[in-house]
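A closer look at the structure
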Amino acid sequence: MSEEQPLASRRLAEFPDWGYLLREFYEAYRFLSSGGSDKIRAHQRAVREAIGRVLKSDPEMRFDAPAHKPVTAHLRRALDEGKQERTAPLVRAIESVRDHLIWQYGYEKVPRGLDKTYAYAEICGPNGPVLTTDVILGLVLFAPGCTYPAHAHSGISESYICVSGSVSENHQGVYAPGSMIFNPPEHMHRITVSKLEPALLAWAWIGPPERLANQKMVFSRKKG
């Protein structure tokens with residue numbers, strides 16, 4: 001496709017690798033267990049329905065220049081490890097677009113040390129590349145030993161799917177590949193990562209369009 005082609009003509013259908021990636025997100029939220037939780041099941045359904053609307057609408061695409069952060073030096077290892085897990089189909093879909101990902105921090109001021117151990121890349125949302133306000137989907141990469149500070153999201157339901165590696169949230173369980181973490185609105189949570197391997201998580205945010213509009217992966221810090 002010519003680089004001079006207008007942005008408005010660049011639709012999801014023209015970039016099948018991105019469509020396949022959205023479909024793998026959909027399948028993950030279809031087949032992962034809710035563990036018997038009605039709230040998690042409802043969240044999974046809401047994510048699937050939002051992804052379905054996005055795919056059906058064939059939204060515009062916006063590609064900014066790819067960007068890397070120090071932690072992306074661990075991405076190859078994280079993807080290789082994920083190929084051995086039940087998340088392998090999602091890993092292969094991520095690999096197909098990895099050269100176009102825009103890794104960022106989402107902070108005005110990055111907490112000390114986090115600039116080398118964390119970054120996220122948005123897949124679908126108000127900031128693109130797949131433009132929508134129905135749902136925000138993305139990836140977050142942690143280096144071994146990373147501690148992601150305690151935070152909460154106002155008015156947004158969040159879930160993480162562990163793609164590779166292992167993490168703990170609030171020291172209340174260990175999440176291995178193929179497992180899901182659910183954080184309802186206002187829930188304060190802190191993530192710690194295995195000291196031996198990086199962790200790659202896929203995430204989804206669901207909430208009112210006005211909440212999702214212009215959102216980045218920033219958070220309300222724990223006070224006190």
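Definitions and limits used
Residues numbered from 1 in each chain as written. Predicted model: local features only at pLDDT ≥ 70, side-chain atom pairs only at ≥ 80, totals over all residues. Heavy atoms only, no water. Buried < 20%, exposed > 50% of the residue type's maximum accessible area, 1.4 Å probe, protein only. Helix = DSSP H or I, 4+ residues; strand = E, 2+ residues; numbered from the N terminus. Contact = heavy atoms within 4.5 Å. pLDDT = per-residue confidence, 0-100. Axes fitted to C-alpha atoms, helices over the stretch in contact; angles between N-to-C directions. Parallel < 35°, antiparallel > 145°, perpendicular 65-115°, else oblique. Left-handed = near helix turned anticlockwise from the far one by under 90°. Arc of directions from axis to C-beta.

Structural notes on helix α4 (residues 88-95)
Residue pairs three or four apart in sequence face the same way in an α-helix, which turns once every 3.6 residues. Within α4, burial applies to Ala-88, Leu-90, Val-91, Ala-93 and Ile-94. Looking at the buried positions of α4, the neighbouring elements they touch are α1 (16-31), α3 (75-82), β4 (136-142), β6 (157-164) and β11 (199-206).

So, the confidence of the model for the chain
Averaged over every residue, the pLDDT of the chain is 90; residues scoring 70 or more account for 91%. Here residues 1-8 is modelled with pLDDT under 50, and outside its nearest four sequence neighbours on either side it reaches 9 contacts, counting other chains as well. Counted against residues more than four places away or in other chains, residues 219-224, with its pLDDT under 50, gives 16 contacts.

A closer look at the packing of α1 against α4
Running from N to C, α1 and α4 cross one another at 155°; their axes reach a closest spacing of 9 Å. When the axis of α1 is compared with that of α4, the two are roughly antiparallel. α1 and α4 meet at a crossing whose hand is left-handed. For the pair formed by α1 and α4, the contact residues are Tyr-20, Leu-21, Glu-24 and Phe-25 on the first element and Pro-89, Leu-90, Ala-93 and Ile-94 on the second.

Concerning α3
Residues of α3 that are buried: Leu-75, Ala-78, Leu-79 and Gly-82. For α3, the arc enclosing every buried residue in end-on projection is 95°, short of the 170-degree limit, so these residues lie on one face. Contacts made by the buried residues of α3 are with α4, β1 (103-104), β4, β6 and β11.

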